[in-house]
Every structure is written in C-alpha cells, then in structure tokens.
Amino acid sequence: MSGPSALRVAVVYPDLLGTYGDGGNGLILSRRAQWRGYPVELVQALSDEALPTADLYCLGGGEDGPQVRAAEGLLAEPTLTRAVEHGAVVLAVCAGYQIVGRSFPDADGTRREGVGLLDADTVKGAPPRAVGEVLAEPTRLPGTSEPLPTLTGFENHAGRTRLGEGVTPLARLVLGRGNESPAGTEGAVAGRVVGTYLHGPVLARNPALADLLLAWALAVDGLAPLDDHWEEALRYERLHMARRSRRLVARLGRS
Ligand code: GLN
C-alpha cells in the first residue's frame, strides 16, 4: 500500500508495453511531484506480478503480441478497474490506449477484449500505418479553467480507434491521424482516464498535461510553477518542426 502521503505512480507492465519509451511518463510525473515537495513512490509493475494499487497508472505503447498479453493480464485481475472506481488517474498511450478501450485487434485482426475504461473500439486499419508528428489542440479538460497548450507528439499505429458516446476526444487534430472517428480527433478522456496516441514521451513534450494529471491525483486545484525552460525549448523545437512538416504536407498535397 502506498504510505498515507506518498503519491504512488505505477508504470504498468514495462516488460510488455515498453518499446516506445513511454515509461518516461511515469518518471516525469514522479519528478514533477517531487520537485514540488510531494513524496512519491514510482513502481515498475511487471506483468508477472500482481498489479499494485496506485494513485496514477501509466500504460505505454507496445507491439501487437505483447499488447494482447498485457490486456489479458489486466483483465485477469480487477485492480485497475477498482482503482479507477476509487479515483485513480490513468494515462494510456497507443497500445495502452487501445487496451483500456472496449476492444482492439490482434496481429491477425481478431477482436480482443479491452479493459473497458474508455468507451472506444479499435479496429485494424488499411495500410499504411499512421506514422508521424502530431499536433492537436486539447479540448477543455476537467480541472482546467482554460484549454491546455497545443499537444505535440508522434504516432505510430495500425489500429484505428472509434470513440463511443461515453468519452470526450482529448484534442482536435491539426496534424496527424489520431482517431478514426469522430474524424479529426485525437485521444479520449472519461473521468480521470486519458488515452492518447502521442508518444514522445507525451509528458516530456507536454508538461502542462503532466501537471493536470498530477493535480487530479493529488486532489489539488493547482501546482506551484516550475522552471520549465528546458521543456519549453523542447516544445518550441518540436512545434516548429511539426508546423513545418504540416506546411510541407499541404504543399505536397496540392502538387
Ligand atoms: N499495436 C498497436 C497498433 O499498431 C499499437 C502500436 C503502438 O503502441 N505504437 O495499432
């Protein structure tokens, strides 16, 4: 059990969902809480052990086979669903996003059951894979008085995700493929569960999203500002690059 005041952050199955560097999200959340004086316990929750209880769960991207094993592991025990019912925050990226939805395809395209935290179904898309830089404008999320800054990240997925009635898109796309439907959207949010296709890790590129997830998990209205000049330099570079590639895509599309 986490101590009475330590925030417990769990990186879920890094041995299965660890190919895209999304484990960095757990580290970023831990550091941003610690820098503000909050005690944190960062747990790497391996797939051959019982999933620990935690305040904040991070699921990353992965390949098709390990993704199926991860979903089976999470469906075999009620821990994640119960934790969410008790207010835990979840950040799920790409394969993780598909897993926390209702269903997703395996490598053969066979429908596999997801954990069902998000009202979303993923189906196998026609080639090519969705690969490249993404820019997206966040929708208004709970606990924010104004929309978060533009999200940046990169996507690499074959699955196409269709959102149901029970979720809100995380963002409106400016560049990239994101969800299949509603068209022009990226990711999904329901309560404190956030799914996204953005790698990066997404919280390295978007510290405002990291702070929102932390504020939810810590049950505070806001967090003290940090010196984010390195993070801002990274954002500037990535935003600039993505906007340039957006203009290039538009030009090539016209020629
Ligand atoms: N296997 C999934 C897909 O291709 C997820 C890929 C990923 O996590 N990057 O859609």
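Structure report, in brief. Going along each chain's sequence as written, the residues are numbered from 1 onward. In keeping with the model being predicted, local features are shown solely for residues with a pLDDT of at least 70 and side-chain atom pairs are shown and tallied solely at 80 or more, while totals for entire chains, interfaces and linings include all residues. Side-chain measures here rest on the full set of heavy atoms in the structure, leaving out hydrogens and waters.

Description of the nonpolar core
- By nonpolar core we mean a set of buried residues, namely Ala, Val, Leu, Ile, Met, Phe, Trp, Tyr and Cys, connected to one another through side-chain atoms within 4.5 Å. Relative accessibility decides the category of a residue: with a 1.4 Å probe and only protein chains considered, values under 20% of the type maximum give buried, values over 50% give exposed, and everything between is partly exposed. Counting residues in each nonpolar core, the largest one holds 69 residues, and the members touching the most others are L29, Y57, L59, L74 and L203.
- By definition, any uninterrupted DSSP run of H or I lasting at least four residues is a helix, any uninterrupted run of E lasting at least two residues is a strand, and each is numbered from the N terminus. A total of 9 residues in this core trace back to one element, the largest contributor, which is helix α6 (residues 207-218).
- Apart from residues lying up to four places away in sequence, L74 is in contact with V12, Y13, L51, L59, L80, I99 and V115. By definition in these notes, contact holds between two residues if any of their heavy atoms fall within 4.5 Å.

Observations regarding the side chain of R160
- One can find R160 in strand β10 (residues 159-163).
- Working convention for charge: Lys and Arg count positive, Asp and Glu count negative, and His plus the chain ends are omitted. What makes a salt bridge here is a side-chain nitrogen of Lys or Arg within 4 Å of a carboxyl oxygen of Asp or Glu, nothing more. Salt bridges are absent for the buried R160, whose nearest opposite-charge side chain, E180, sits at 5.1 Å.
- At 3.2 Å, the side chain of R160 and the backbone oxygen of A126 are in polar contact.
- Polar contact criterion, stated in full: a pair of N or O atoms within 3.5 Å, where within protein one must be able to donate a hydrogen and the other to accept it, and residues adjacent in sequence count only if both atoms are side-chain atoms. A polar contact of 3.1 Å, which involves the side chain of R160, links it to the backbone oxygen of A158.
- Dropping the residues within four chain positions of it, R160 is found in contact with D121, T122, V123, G125, A126, P128, A130, R177 and E180.

Side note on the site of the ligand
- Taken together, 14 residues lie near the ligand, and D64, C94, N156, A158 and G159 sit nearest.
- Measuring from a nitrogen atom of the ligand, one finds a side-chain N or O atom of D64 at 2.5 Å.
- Here an oxygen atom of the ligand sits 2.9 Å away from a polar atom, N or O, in the main chain of A158.
- Shrake-Rupley sampling with a 1.4 Å probe provides the accessible areas, and residues are treated as covered by the protein chains on show and by no other component. In the complex, the protein chains occlude 97% of the 290 Å² of accessible area that the ligand would expose alone.
- Of all the elements in the fold, those that place two or more residues in the shell around the ligand are α2 (64-75), α4 (95-100) and β9 (151-157).
- In this classification, the charged set is Asp, Glu, Lys and Arg, the nonpolar set is Ala, Val, Leu, Ile, Met, Phe, Trp, Tyr, Cys and Pro, and all remaining amino acids, among them Gly, are polar. Looking at the shell around the ligand, its residues break down into 4 nonpolar, 8 polar and 2 charged. It suffices for a single heavy atom of a residue to lie within 4 Å of a molecule or strand for the residue to be listed as near it.

Structural notes on the environment of Q34
- Its location among the elements puts Q34 in helix α1 (residues 24-34).
- Sequence separation between Q34 and L7 is 27 residues; the distance between their C-alpha atoms is 9.6 Å.

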